[in-house]
Amino acid sequence: MFDFLHIHKVRRLPELFWQTDLHSHVCPGIDDGSPNAERSVQLVAGMHELGFRRMIVTPHVTDEVFPNTPEIIAESYTRLVESCRQAGVEMKFNYSAEYRIDELLFHFLRTGQVRPLPGGYLLVENSWMQEPANLDAFLFELRSNYGYMPVLAHPERYQYYQRHRERYRLLREQGIMFQINLLSLAGHYDKACKNTAEWLLENKMVEFIGSDMHRPSHLESIRNYLMSKDYRRLEAVAPLILNDTLVQDT
Ligand SMILES: [Fe+2]
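What counts and how
The residue numbering used here restarts from 1 in each chain and proceeds along that chain's sequence as written. Given that this is a predicted model, residues contribute local features only at a pLDDT of at least 70 and side-chain atom pairs are listed and counted only at 80 or more, while totals for whole chains, interfaces and linings are drawn from all residues. Helix numbering and strand numbering both begin at the N terminus, where a helix is a DSSP run of H or I of at least 4 residues and a strand a DSSP run of E of at least 2. Two residues qualify as being in contact provided that their C-beta atoms, derived from the backbone, are within 7 Å of each other. Pairing between strands requires that DSSP locate at least two bridges from one strand to the other. Fitted lines through C-alpha atoms serve as axes, helices being fitted only where they are in contact, and the angles separating the N-to-C directions of these axes extend from 0 to 180 degrees. Angles below 35 degrees are treated as roughly parallel, those above 145 as roughly antiparallel, those between 65 and 115 as roughly perpendicular, and all remaining angles as oblique. Helix crossings fall into two classes, left-handed where the near helix is turned counterclockwise from the far one by less than a right angle and right-handed where it is turned clockwise. Side-chain classes follow a simple rule in which Ala, Val, Leu, Ile, Met, Phe, Trp, Tyr, Cys and Pro form the nonpolar group, Asp, Glu, Lys and Arg form the charged group, and the remainder, Gly included, forms the polar group. Counts of 20 or more other C-beta atoms within 10 Å of a residue's own C-beta define buried residues, counts of 12 or fewer define exposed ones, and intermediate counts define partly exposed ones; C-beta atoms are placed from the backbone. Looking down the strands as they point away from the viewer, one classifies a crossover as right-handed if the path from the first strand across the helix to the second runs clockwise.

### Some thoughts on the overall build of the protein
Argument step 1. In terms of regular secondary structure, the protein is built from eleven helices and nine strands.
Argument step 2. In the protein, once contacts between residues fewer than 6 apart in sequence are set aside, the share between residues at least 24 apart is 78%.

So, in structure tokens, the structure goes:
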């Protein structure tokens, strides 16, 4: 009986407008996402069930809390891929990272240790407390000195921007791309995140939409969102979303 209900529920999920996810914390044991390989497999299987076929995974890299080196990330990524393979969970993988704009990122940039998203995009996040000092100069340097295209992770979630939406336009004029979270559109965080994410979409300021998957409750929120009328409204802007252009399947 349970199985019947389960299958019924899966069948009712709509097709995704893109099948590549570019932001998640499913590498085991190295950030505030999946704590172990078993949970990683559960989360990836859940993403597959929602319709995703490729995940570009992005562990946190922060100076204070998650100072993940390229070696630490590579080791955890290998465990992720191997665990999913052994469990028979189908998913294509790549890896990059979500870099907090801080001293560690500056160090990794200077020493050639950053790993961008495919295509030379670099997923960066601001501090939650305030905009990083000299952000504009840093973004310029990221492009001109290092040749990376900055993608700001979940701009809709920074409270100091929500109250000053004109700042979004200024950042975009400097060439920064935006990646909003499906969880924001799903209303998982709060009303302000949802409203801001929708406003950014309406104003055509979004290139990428990520899951920012950390835990099973996120799967549930995204599932509910996919089943909602709100999700169908995304169809109009879906052609502008570049997720599936990051990696070309051969
Ligand atoms: Fe994240």
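### Quick word on the sheet that holds strand β4 (residues 92–95)
Argument step 1. Taken in spatial order, the three strands line up as β1-β2-β4 in an open sheet, and their pairing is parallel. The open sheet has two edge strands, β1 (20–21) and β4, and neither has a second partner.
Argument step 2. Bridge count for strand β2 (residues 54–57) against β4 is four bridges, and the pairing is parallel. In the sheet register, Ile56 faces β4, and the bridge partner there is Asn94.

### Regarding the packing of helix α2 (residues 37–50) against helix α3 (residues 70–87)
For any two helices packed against each other, one specifies the crossing angle of their axes together with the interaxial distance.
Argument step 1. For the pair α2 and α3, the least separation of the axes is 9 Å and the interaxial angle reads 70°. With respect to α3, the element α2 is oriented roughly perpendicular. Where α2 crosses over α3, the two elements pack in a sense that is right-handed. Counting all contacts with α2, which are made through Ala37, Ser40, Val41 and Val44, the residues of α3 involved are Arg79, Leu80, Ser83, Cys84 and Ala87.
Argument step 2. Split into classes, the residues belonging to the contact of α2 with α3 amount to six nonpolar, two polar and one charged.

### Here's the deal with the packing of α2 against helix α10 (residues 216–226)
Argument step 1. One can describe the packing of α2 onto α10 by two numbers: an axis separation of 10 Å at closest approach and a directional angle of 5°. Between α2 and α10, the angle is such that the two are roughly parallel. Only Pro216, Leu219, Ile222, Arg223 and Leu226 of α10 make contact with α2, whose side of the interface consists of Gln42, Leu43, Gly46 and Leu50.
Argument step 2. Residues of the contact of α2 with α10, tallied by class, amount to six nonpolar, two polar and one charged.

### Some details on the sheet that holds strand β6 (residues 121–125)
Working definition: the strands of a sheet are paired by backbone hydrogen bonds and lie parallel or antiparallel to each other.
Argument step 1. If you trace the six strands from one edge of the open sheet to the other, you get β3-β5-β6-β7-β8-β9, paired in parallel fashion. Whereas interior strands pair on both sides, the edge strands pair on one side only; in this sheet they are β3 (60–61) and β9 (208–210).
Argument step 2. Strand direction decides the pairing type here: β6 and strand β7 (residues 149–153), joined by four bridges, are parallel. Bridge assignment links Leu122 to a residue of β7, and that residue is Pro150.

### Notes on unusual backbone geometry
If a residue is not glycine, its phi is most likely negative; likewise, a peptide bond is most likely trans.
Argument step 1. With phi around 30°, His154 is a residue other than glycine that occupies positive phi space.
Argument step 2. Among the structural elements, His154 can be located in the loop between β7 and α6 (159–162).

### Topic: the pairing of β7
Argument step 1. Here β7 lies mainly inside the structure; four of its five residues are buried.
Argument step 2. With helix α5 (residues 135–144) bridging β6 and the parallel β7, this β-α-β connection has right-handed handedness.
Argument step 3. Both β7 and strand β8 (residues 177–181) contribute to a ladder of three bridges, which runs parallel. Of the residues in β8, the one forming a bridge with Val151 is Met177.

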